[in-house]
Amino acid sequence: SQQGEEDPQALSIQEGENATMNCSYKTSINNLQWYRQNSGRGLVHLILIRSNEREKHSGRLRVTLDTSKKSSSLLITASRAADTASYFCASNTGGFKTIFGAGTRLFVKA
Amino acid sequence: ETGVTQTPRHLVMGMTNKKSLKCEQHLGHNAMYWYKQSAKKPLELMFVYNFKEQTENNSVPSRFSPECPNSSHLFLHLHTLQPEDSALYLCASGEGSYNEQFFGPGTRLTVL
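Starting from 1, residues in each chain are numbered consecutively following that chain's sequence as written. For this description, chains carry letters from A and ligands carry numbers from 1, given in the order in which they are written. Owing to the predicted nature of the model, reporting of local features is limited to residues with pLDDT of at least 70; listing and counting of side-chain atom pairs is limited to 80 or more, with chain, interface and lining totals taken over all residues. Computation of side-chain values: all heavy atoms of the structure, hydrogens and water removed.

1. As for the pairing of strand β7 (residues 64-70) of chain B
Residue and element names in this part refer to chain B. Strand pairing is defined by DSSP finding a minimum of two bridges between the two strands. Working definition: helices are DSSP H or I runs of at least four residues, strands are E runs of at least two. Numbering for both runs from the N terminus. In the sheet, β7 pairs with strand β8 (residues 73-79) via five bridges, with the strands oriented antiparallel. Looking at β8, one finds that Glu 67 is bridged to Phe 75. Joining the antiparallel neighbours β7 and β8 is a turn of two residues.

2. A closer look at the state of the cysteines
Residue and element names in this part refer to chain B. When the sulfur atoms of two cysteines come within 2.5 Å, that pair is taken as a disulfide. Enumeration according to the criterion identifies two disulfides over all chains in this entry. What pairs with Cys 23 in a disulfide is Cys 91, and their sulfur atoms sit 1.9 Å apart. Across the S-S bond of Cys 23 and Cys 91 the torsion is about -70°, and the bridge reads as left-handed. One end of the pair, Cys 23, is in strand β3 (residues 18-25); the other, Cys 91, is in strand β9 (residues 87-94), with 68 residues separating them in the sequence. For the pair formed by Cys 23 and Cys 91, the shared burial category is buried. Not engaged in a disulfide, the cysteine Cys 68 finds its nearest cysteine sulfur in Cys 91; these two sulfurs lie 9.1 Å apart. The rule is simple: take the accessible area with a 1.4 Å probe, protein chains only, and divide by the maximum for that residue type; under 20% is buried, over 50% is exposed, in between is partly exposed.

3. Points about the interface of chain B and chain A
Across the boundary between the two partners, chain B contributes 24 residues, which contact 22 residues of chain A. Summing both sides of the interface, chain B and chain A together bury roughly 1,800 Å²; the carbon and sulfur share of this comes to 58%. Salt bridge, as applied in this entry: a Lys or Arg side-chain nitrogen positioned within 4 Å of an Asp or Glu carboxyl oxygen. In this structure, the connection of chain B to chain A is made through one salt bridge. One salt bridge in this structure joins Lys97(A) and Glu56(B), with 4.0 Å as the shortest N-O distance. Here a polar contact is recorded for every N or O atom pair within 3.5 Å, except that within protein the pair must consist of a potential hydrogen donor and a potential acceptor, and residues adjacent in sequence are included only if both atoms are side-chain atoms. Counting the contacts that link chain B with chain A gives five residue pairs in polar contact (both at pLDDT 80 or more). It is strand β4 (residues 31-37) of chain B that provides the largest number of residues to the side of chain B that touches chain A, a total of four residues. Amino acid classes used here: Ala, Val, Leu, Ile, Met, Phe, Trp, Tyr, Cys and Pro are nonpolar; Asp, Glu, Lys and Arg are charged; the rest, including Gly, are polar. Across the side of chain B that touches chain A, the residue classes break down as twelve nonpolar, nine polar and three charged. The contact rule is simple, with two residues in contact once any of their heavy atoms fall within 4.5 Å. The quantity reported as buried area is the accessible area (1.4 Å probe) lost by two parts once they are put together, taken as the sum for both.

If you want it as structure tokens, here you go:
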């Protein structure tokens, strides 16, 4: 089973709407990271939240972490067509091992 | 542009060929990573190097052979691959453990 699993697998919204993606993980983490990937390209780091943090903001991004439920969510506010991409959560369980989920494909319609 | 480059960007090879993927980072990081991304599967960690020393080998078949001559360069040597090895191979670098990683654009590998 995967350490990180995103939900939903795919999401289609209108420009201007908010997009929420969820991630669950199974074992204790040091931190949880969110990345974005445009089709067939490398991943771009968005935000890192440590295990002792509950919420973090970066521009239009808001990430929450609930270690008791082993879950995290990524909120993108006022979405734009350029936000269309796949979004991955990645849990760092210690050392150099970071485990990625299968991702949520977000499509923002102009 | 993330400061991590990968060559080639696309590679088609037969099962009997030998080829190498190259990754270079210009960020001064000490850790470098190889990942495999197959269709509809999560990103799979293959190898990690820290200060040129291998710290992770995620049970990767021996037909994949990594090499890290220094903290800025990472290679993945390929030989006698199988069609199921076709995937996007991503290189990343990072400053120490626990921190975010910076990814290259990837090499799209097709094994015929």
